[in-house]
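One letter stands for each residue in the lines below.
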Amino acid sequence: MSLLTPAAQARTALTTPAATTPPGAPAAAPTTAAAGPRPFGPVGAGDARRHELAAFLRSRRERIAPEQVGLPMTGRRRTPGLRREEVAQLAAVGVTWYTWLEQGRDIQVSAQVLDAVARALLLDPSERAHLFTLAGADDPAPVLECPTVTPSVRLLLDQLAPFPAVVVNSRYDVLAYNAQYTGIVGDLAELPPEDRNLMWMAFTPSQFREVLVDYRTERLGMVARFRSAMADHSSEPAWKALLARVLRASPDFTELWQRHDVMRPVNGIKRFQVPGVGLLSCEYTNFWLSPRMGTRMITYTPLDDGTRALMDHLPTSL
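Residues numbered from 1 in each chain as written. Predicted model: local features only at pLDDT ≥ 70, side-chain atom pairs only at ≥ 80, totals over all residues. Heavy atoms only, no water.

A. Expanded view of the overall build of the chain. For the chain, the count of helices and strands is 15 helices and five strands. The buried share of the chain, taken over its 318 residues, is 43%. Sequence-distant contacts in the chain: of pairs separated by 6 or more residues, those separated by 24 or more amount to 55%. Working note: accessible area of the chain is about 17700 Å², and carbon and sulfur atoms make up 56% of it. (Helix = DSSP H or I, 4+ residues; strand = E, 2+ residues; numbered from the N terminus. Buried < 20%, exposed > 50% of the residue type's maximum accessible area, 1.4 Å probe, protein only. Contact = heavy atoms within 4.5 Å. Areas by Shrake-Rupley, 256 points an atom, 1.4 Å probe, with all protein chains shown as cover.)

As structure tokens, then:
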């Protein structure tokens, strides 16, 4: 027989955590504190990320018709897309556990379960990466980017000789280039793929940094353009990884990054002091290869007759 008053019994029932584990939950089960309502207080970064994860999962679930994943249409549906229990069934996880995940509860989640959820929701590579980022987990099978350009763009690069030209994306990854460009920055094929990035080359020892005459001024603009472009990609792992890598490698970059300067790509003038060739004064022009300001071809044309003559003597490694 309980010695508590009815009011005390009610309070105890409200504060006593459930002792059961939701079916299908991962080995690292949610804590009892996470299973109940969270106390009122300031919303931290973890809370904001979980709320974003919850909204993202709902939006992906609601866009999928049952027949897309082989489920029969049964009865009238009050909400679009799949039901939560259907996603849980497809991912082979507990319904309660998936509901908590979509509600933004503070629960532990394994990479294996996230992988199953990603497959159940038919996420594309970008969406899958976003899911793992929001969940704060490492993807066990990350989709590696394979940057390519069309054969017509490669043909155009070659036809621009003797003018140097390069194709980069908004993250400054070098996607393609002609032989004359290697005469300025060196043999890019000898670099590891992760180092074929102009931002990385500008802030670490490289031929690109050595030949760029006004490199201090140029780097100001590069960082400002990188920050401006990153606003549209701040959750993408490749962008975050590059930023973290350059921050670790270069105090100069860290100082410039903390200025929060932003700038859109513009045309302008660059000077290169190429060993064995001389001073090249070039006008660079951006030619956009996509509807948005992403991938672009940059051409370098001579500002004077002297530079034009020197371009014929650029060493080539292609």
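B. Quick look at the sheet that holds strand 5 (residues 296-302). With respect to topology, five strands assemble into an open sheet ordered 2-1-5-4-3, the strand pairing being antiparallel. Each edge of the open sheet is held by one strand with a lone partner, namely strand 2 (174-177) and strand 3 (268-274). The sheet shows a mean angle of 30° between the axes of neighbouring strands, direction not considered. Where strand 4 (residues 278-288) lies against strand 5, seven bridges are found, and the strand directions are antiparallel. If you follow W288 over to strand 5, its bridge partner there is R296. (Pairing = 2+ DSSP bridges. Axes fitted to C-alpha atoms, helices over the stretch in contact; angles between N-to-C directions.)

C. Highlighting the pattern of salt bridges. Under the counting rule described, the total for this entry stands at 15 salt bridges. The shortest N-O distance in the salt bridge between R60 and E127 comes to 2.7 Å. With a gap of 67 residues between them, R60 in helix 3 (residues 45-62) and E127 in helix 7 (residues 125-135) connect regions that are remote in the sequence. E127 matches R60 in its accessibility class, with the two residues each being buried. (Salt bridge = Lys/Arg side-chain N within 4 Å of Asp/Glu carboxyl O.)

D. Fine view of the packing of helix 4 (residues 84-91) against helix 5 (residues 95-102). Following both chains from N to C, one finds helix 4 and helix 5 inclined at 115°, their axes separated by 9 Å at the closest point. Classified by the angle their axes make, helix 4 and helix 5 are roughly perpendicular. With respect to the hand of their crossing, helix 4 and helix 5 are arranged in right-handed fashion. Listed contacts from helix 5 to R84, E85, V87 and A88 of helix 4 are V95, Y98, T99 and E102. Partitioning the contact of helix 4 with helix 5 into residue classes produces four nonpolar, one polar and three charged. (Parallel < 35°, antiparallel > 145°, perpendicular 65-115°, else oblique. Left-handed = near helix turned anticlockwise from the far one by under 90°. Nonpolar A, V, L, I, M, F, W, Y, C, P; charged D, E, K, R; others polar.)

E. Highlighting the packing of aromatic side chains. Here the structure, examined in full by the defined rule, presents seven aromatic pairs. Ring centres 5.3 Å apart and planes at 25° place the aromatic pair F226 and W239 in the stacked group. In this pair, F226 is assigned in helix 12 (residues 215-230) and W239 in helix 13 (residues 237-249), connecting sequence segments 13 residues apart. Take F226 and W239: they sit in the same class, and that class is buried. Through pairs of rings, three or more aromatic residues link up here, namely F203, F226, W239, F253 and W257. One residue, R227, lies across the ring of W257, its end atom 3.8 Å from the ring centre. For the cation-ring pair, R245 lies above W200, with the distance from its terminal atom to the ring centre recorded as 3.7 Å. (Phe/Tyr/Trp six-rings, centres within 6.5 Å; stacked < 30°, edge-to-face > 60°. Lys NZ or Arg CZ within 6 Å of the ring centre and 35° of its normal.)

F. Expanded view of the environment of L155. Here L155 is to be found in helix 8 (residues 151-159). For the pair formed by L155 and N178, sequence separation is 23 residues and the distance between their alpha carbons is 9.4 Å.

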